[in-house]
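Fold and contact review
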Amino acid sequence: MAEDLPESSGTFSTFTTYFINIPLLGIIFYLIWKIFKSRSEFDKPVTYVSTAAPPMKKRDFTLEELKEFDGTKGEGRVLVAVNNKVFDVTRGKRYYGPGGPYAVFAGRDASRGLATFTLDEPSDKYDDLSDLKPSEMESVLEWEMQFNEKYDYVGKLLKPGESHNSYSDDEGEANPKEDEVNPKEDETAQKSKDD
């Protein structure tokens, strides 16, 4: 049977095999070179440059004040409110900053969007979340826990008409401003007058 094939077909077969093997060998050598090159790059010392902003002092925010921290102004800090707590998410700027998938929440109250799993632009009005279903409210609480674990708590989102608190540098606990009346003190004073 081998005698029936013309001699030129064997030469053609050897010729095509030779030209197919050369590119395959080239690809194999290239891949081996890439593997060894990438390993040598991992051996180099890596220098990290911190782009994190210094810690923010605790304070309270109105919705208008919160809008200033959308990552486009000043030092580029990004704040997000969840369940009336404001978190500094600047280290997650690639997610919450300009161009990020959750940029719509930057400088805003993200509670409703996180509860309903929507990326619609949050309202510019205060949202008390009173119309959320129990499962949605539970979702908000879970998001709040995640933000607490991952990001720095920097203050409280104020309800309309609510006064700003001042925070001590040491503990970050709120102290009402001197010209404001503390509701607990006011109740205690009322009780002592009644007695």
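Residues numbered from 1 in each chain as written. Predicted model: local features only at pLDDT ≥ 70, side-chain atom pairs only at ≥ 80, totals over all residues. Heavy atoms only, no water.

With respect to the overall build of the protein
What counts here: For helices the rule is a DSSP run of H or I covering at least 4 residues; for strands it is a run of E covering at least 2, with both sets numbered from the N terminus onward. Per-residue accessibility, obtained with a 1.4 Å probe over protein chains only, is compared with the maximum for each type, and a residue is labelled buried under 20%, exposed over 50%, and partly exposed between these values. Any two residues whose heavy atoms approach within 4.5 Å are treated as being in contact.
Helices and strands together make up the secondary structure of the protein, namely 6 helices and 6 strands. Its helices and strands in sequence order give the protein the pattern α-α-β-β-α-β-α-α-β-β-β-α, from N to C terminus. Out of the 195 residues in the protein, the part that is buried amounts to 26%. Contacts spanning at least 24 positions in sequence make up 55% of the contacts within the protein whose residues lie at least 6 apart.

Some remarks on the pairing of strand 1 (residues 79-82)
Counted only if it meets this: Two strands are counted as paired when DSSP detects at least two bridges linking them.
Of the two faces of strand 1, both are covered, the one formed by Leu79 and Ala81 as well as the one formed by Val80 and Val82. Taken together, the 4 bridges between strand 1 and strand 2 (residues 85-88) define a ladder with antiparallel strand orientation. Residue pairing for strand 2: valine 80 is matched across the bridge by phenylalanine 87. The turn linking strand 1 back onto strand 2 is made up of 2 residues, and asparagine 83 within it adopts a positive phi angle of 55 degrees.

With respect to the environment of glycine 107
Within the secondary structure, glycine 107 is located in the loop between helix 3 (93-96) and strand 3 (108-109). For glycine 107, a relative accessible area of 1% puts it in the buried group. Considered as a pair, glycine 107 and leucine 63 are 44 residues apart in the sequence and their alpha carbons are 8.2 Å apart. Setting aside residues up to four positions removed in sequence, glycine 107 forms contacts with Leu66, Lys67, Phe69, Asp70 and Leu79.

Quick word on the nonpolar core
The nonpolar side chains of soluble globular proteins are, as a tendency, buried together. For clarity, the threshold we go by: In this text, buried Ala, Val, Leu, Ile, Met, Phe, Trp, Tyr and Cys residues form a nonpolar core when linked through side-chain atoms within 4.5 Å.
Val80, Val82, Val89, Tyr96 and Phe147 are the most contacted members of the largest nonpolar core, which totals 17 residues. When contributions to this core are tallied by element, the ones reaching two or more residues are strand 1, helix 4 (111-116) and helix 5 (134-150). When sequence neighbours within four positions are dropped, the list of residues in contact with valine 82 reads Phe87, Asp109, Ser111, Leu114, Val140, Trp143, Glu144 and Phe147. By size, the runner-up hydrophobic cluster in this structure holds 10 residues, among which are Met56, Leu66, Leu79 and Ala81.

As for the confidence of the model for the protein
Low-pLDDT portions of the prediction should not be read for the details of their coordinates. Definition in use: Values of pLDDT, ranging from 0 to 100, describe the predictor's confidence in every residue of the model.
With 70% of its residues at a pLDDT of at least 70, the protein reaches an overall mean of 79. The model gives residues 175-195 a pLDDT under 50, and that stretch makes 12 contacts with residues more than four places away or in other chains.

Some words on the sheet that holds strand 2
Taking strand neighbours across the sheet as the criterion, the 4 strands line up as 3-1-2-4 in an open arrangement whose pairing is mixed. In this open sheet, the two edge strands, each paired with only one partner strand, are strand 3 and strand 4 (152-156).

Digging into the packing of aromatic side chains
Applied cut-off: Stacked, edge-to-face and tilted are the three classes for Phe, Tyr and Trp ring pairs, Trp counted by its six-membered ring, which pair at centre distances within 6.5 Å; planes under 30 degrees apart are stacked, over 60 edge-to-face, the rest tilted.
A complete count under the given rule lists 9 aromatic pairs for this structure. Here the aromatic cluster, defined as three or more aromatic residues joined through ring pairs, consists of Phe87, Tyr96, Tyr102, Trp143, Phe147, Tyr151 and Tyr153.

Focus on the side chain of glutamate 136
Cut-off, in case you're wondering: For the purpose of charge, His is not counted, nor are the chain termini; Lys and Arg are scored as positive and Asp and Glu as negative. Here a salt bridge means any side-chain nitrogen of Lys or Arg lying within 4 Å of a carboxyl oxygen belonging to Asp or Glu.
Structurally, glutamate 136 can be placed in helix 5. As a buried residue without a salt bridge, glutamate 136 has its nearest oppositely charged side chain in lysine 133, at a separation of 4.6 Å. Not counting chain neighbours up to four residues away, the residues in contact with glutamate 136 comprise Ala115 and Thr116.

With respect to the pattern of salt bridges
Going through the model one piece at a time under the given rule, you end up with 13 salt bridges. Among the salt bridges present, the one from aspartate 127 reaches arginine 112, with a minimum N-O distance of 2.5 Å. Taken together, the residues aspartate 127 in the loop between helix 4 and helix 5 and arginine 112 in helix 4 connect sequence positions 15 residues apart. The partly exposed category is assigned to arginine 112, whose relative accessible area is 28%. Among the ionic pairs, aspartate 131 bridges to arginine 112, the shortest N-O distance being 2.5 Å. Of the two residues, aspartate 131 is situated in the loop between helix 4 and helix 5 and arginine 112 in helix 4; the sequence distance between them amounts to 19 residues.

Observations regarding a nonpolar patch on the surface
Short version of the rule: Grouping into patches uses exposed residues only, defined as over 30% relative accessible area, and leaves out salt-bridged ones; the cut-off is 9 Å for like charges and 5 Å for nonpolar side chains (Val, Leu, Ile, Met, Phe, Trp, Tyr). Each accessible area value is a Shrake-Rupley result obtained with a 1.4 Å probe; residue values ignore everything except the protein chains displayed when judging cover.
Residues Ile20, Leu24, Ile27, Tyr30, Leu31 and Trp33 make up a contiguous nonpolar surface patch of about 640 Å² in total accessible area. For tryptophan 33, the position within the fold is in helix 1 (residues 7-43).

Examining the pairing of strand 2
With 4 bridges connecting them, strand 2 and strand 4 associate as antiparallel partners. Bridging across to strand 4, lysine 85 finds its partner in lysine 156.

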